[in-house]
Structures are given as C-alpha cells and as structure tokens.
Amino acid sequence: MALLAAAALLAACGAEHDELRQWMEQQRREIKPSVTPLQAPKKFDPQAYNSAQAVDPFSAQKLTVALKQEARQPNSLVSAELNRRKEPLEAYPLDSMSMVGSVNKLGQPFALLRVDLLLYQVKVGDHLGQNYGRITRIAETEILLREIVQDAAGEWIERPATLQLQERAR
C-alpha cells in the first residue's frame, strides 16, 4: 500500500513539472530579447609630440631661474631667505623630523629634534625644513614655525606649521 502511495505521489510531481516545462518553452518562443549591437571602436590616431626640444616645465633649472627673478624684487618674502646661509636642518622635509623633547637653558626654551637617528637642539629663530621654515615659538609639546610657500597663483605667502611632540612607542 505504501509503495502504491509513493508511486502516485511521484506521478503527480512529474505532471506538475511537465506543465512547468511547457510554460517555459512557450515563454522562450514568445519573448525575443532586444540587445542593442555594440558600436565598432573608433580608430586611434596617434599625434606626434612636437615639444620634445622645448624646456621641461618641471626642470630644476627653470625653478632656479624663477626663484632668482623673485629674489630680485625688494619686497619679496623669499628674497631674504635666498640671500642667507642655509642651516643643516633645512636639507630635510618637516615630515622626516620628530620632536622628542624640550628643555630650558638659562630661561630660553630649546627643542630636541630627531632627524635620521641624530638628535638636534633648536631654538627660536632657527630654520627647519625645505619651505624656508623659521621657528617662532617653542612650547613643551610643540614647535611653531612660519614657512614661506607659493600659492596657486605663484605668489609667495607665509603659512604656519607645527611639529608636535612624539611619544615613543613601547
């Protein structure tokens, strides 16, 4: 009896699947997909580079000439900076320096900077970084600087910068 009931159930399932298969075939015949054909790629026409003999706009020589012209102007911020002797810490970018401490000697604050695994002692008025940075104030936890940079229009402007005290990772 159980075998007969199982056979009847299987026959009923098969009949449902037949209806489903017929419906799927009918849908496939009636519905036509609409796919727009791809356009052929446009032909690439390479252009000859005619400026190979011109001056490179990013050359150091061009920048040096521009700085010298700027320095000739009497009111230029950068003119005084170009006419003085560079200090050793001006060879390094600010982000390669880290403040590791501060001390007071005879009432004058000094900061301790680590650069390339060497320790330097700096005071107010010393120069740091590659943007004509000059120390304006030393606090226990930071060094305040004034940098001279070019803005988007090419004008030299002053901008503040800071070096924060770096706590050593343990």
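Only a predicted model underlies this, so the values are computations on that prediction, with no experimental measurement involved. (Residues numbered from 1 in each chain as written. Predicted model: local features only at pLDDT ≥ 70, side-chain atom pairs only at ≥ 80, totals over all residues. Heavy atoms only, no water.)

1. Quick look at the confidence of the model for the protein chain
The predicted coordinates should not be examined in detail at positions where pLDDT is low.
Part 1 of the reasoning: Per-residue confidence for the protein chain gives a mean pLDDT of 83, with 85% of residues at or over 70.
Part 2 of the reasoning: The least confident element of the protein chain, judged by mean pLDDT, is helix α1 (residues 2-30) at 73; the most confident is strand β5 (residues 133-138) at 95. (pLDDT = per-residue confidence, 0-100. Helix = DSSP H or I, 4+ residues; strand = E, 2+ residues; numbered from the N terminus.)

2. What about the packing of aromatic side chains?
Part 1 of the reasoning: The tally for this structure, following the rule as stated, stands at one aromatic pair.
Part 2 of the reasoning: Ring centres 6.2 Å apart and planes at 75 degrees place the aromatic pair Y132 and W156 in the edge-to-face group. Taken together, the positions of Y132 in the loop between β4 (127-128) and β5 and W156 in strand β7 (residues 156-164) put the pair 24 residues apart, joining distant regions of the chain.
Part 3 of the reasoning: What makes Y132 buried here is its relative accessible area of 9%.
Part 4 of the reasoning: Taking relative accessible area as the criterion, W156 reaches 14% and is therefore assigned buried.
Part 5 of the reasoning: K105 extends its terminal NZ or CZ atom over the ring of F110, reaching a point 5.5 Å from the ring centre. (Phe/Tyr/Trp six-rings, centres within 6.5 Å; stacked < 30°, edge-to-face > 60°. Buried < 20%, exposed > 50% of the residue type's maximum accessible area, 1.4 Å probe, protein only. Lys NZ or Arg CZ within 6 Å of the ring centre and 35° of its normal.)

3. Some thoughts on the pattern of salt bridges
Part 1 of the reasoning: The final tally for this structure, using the stated rule, is eight salt bridges.
Part 2 of the reasoning: Of the charged contacts in the structure, one is a salt bridge between K43 and D45, with a shortest N-O distance of 4.0 Å. (Salt bridge = Lys/Arg side-chain N within 4 Å of Asp/Glu carboxyl O.)

4. A word on a nonpolar patch on the surface
Part 1 of the reasoning: Together, L20, W23 and M24 make up a nonpolar patch on the protein surface, roughly 300 Å² of accessible area in all.
Part 2 of the reasoning: Summarising the element assignment, M24 is placed in helix α1.
Part 3 of the reasoning: A relative accessible area of 35% places M24 in the partly exposed class. (Patch = residues over 30% accessible without salt bridge, like charges linked within 9 Å, V, L, I, M, F, W, Y side chains within 5 Å. Areas by Shrake-Rupley, 256 points an atom, 1.4 Å probe, with all protein chains shown as cover.)

5. Considering the side chain of S98
Part 1 of the reasoning: Tracing the backbone shows S98 in strand β1 (residues 98-105).
Part 2 of the reasoning: Judged by relative accessible area, S98 falls into the buried class, the value being 18%.
Part 3 of the reasoning: In this structure, S98 is in contact with L112, L113, R114 and Q166, ignoring residues within four places of it in sequence. (Contact = heavy atoms within 4.5 Å.)

6. A short note on the environment of L113
Part 1 of the reasoning: Counting through the fold element by element, L113 comes out in strand β2 (residues 108-115).
Part 2 of the reasoning: Taking C-alpha positions, L113 is 9.4 Å from L163, a pair spaced 50 residues apart along the chain.
Part 3 of the reasoning: Apart from the residues lying within four places of it in its own chain, the contact partners of L113 are L89, M97, S98, M99, L118, L119, Y120, V122, L128, I143 and L163.

7. Quick notes on the sheet that holds β4
Part 1 of the reasoning: Strand order in the open sheet made by the four strands is β4-β5-β6-β7, with antiparallel pairing throughout. Edge positions in the sheet fall to β4 and β7, since each of these pairs with one other strand and no more.
Part 2 of the reasoning: Relative to β7, strand β6 (residues 142-150) runs antiparallel, the two sharing nine bridges. In the sheet register, Q150 faces β7, and the bridge partner there is W156. (Pairing = 2+ DSSP bridges.)

8. Notes on the sheet that holds β1
The pairing of strands in a sheet comes from backbone hydrogen bonds and takes either a parallel or an antiparallel form.
Part 1 of the reasoning: The sheet built from three strands is open, its strands ordered β1-β2-β3 with antiparallel pairing. Here the strands that pair on one side only, and so sit at the sheet edges, are β1 and β3 (118-123). This sheet shows a mean twist of 25 degrees between the axes of neighbouring strands, independent of strand direction.
Part 2 of the reasoning: Bridge analysis of β1 against β2 gives seven bridges, and the strand direction is antiparallel. Pairing of G101 across the sheet is with L112, part of β2. (Axes fitted to C-alpha atoms, helices over the stretch in contact; angles between N-to-C directions.)

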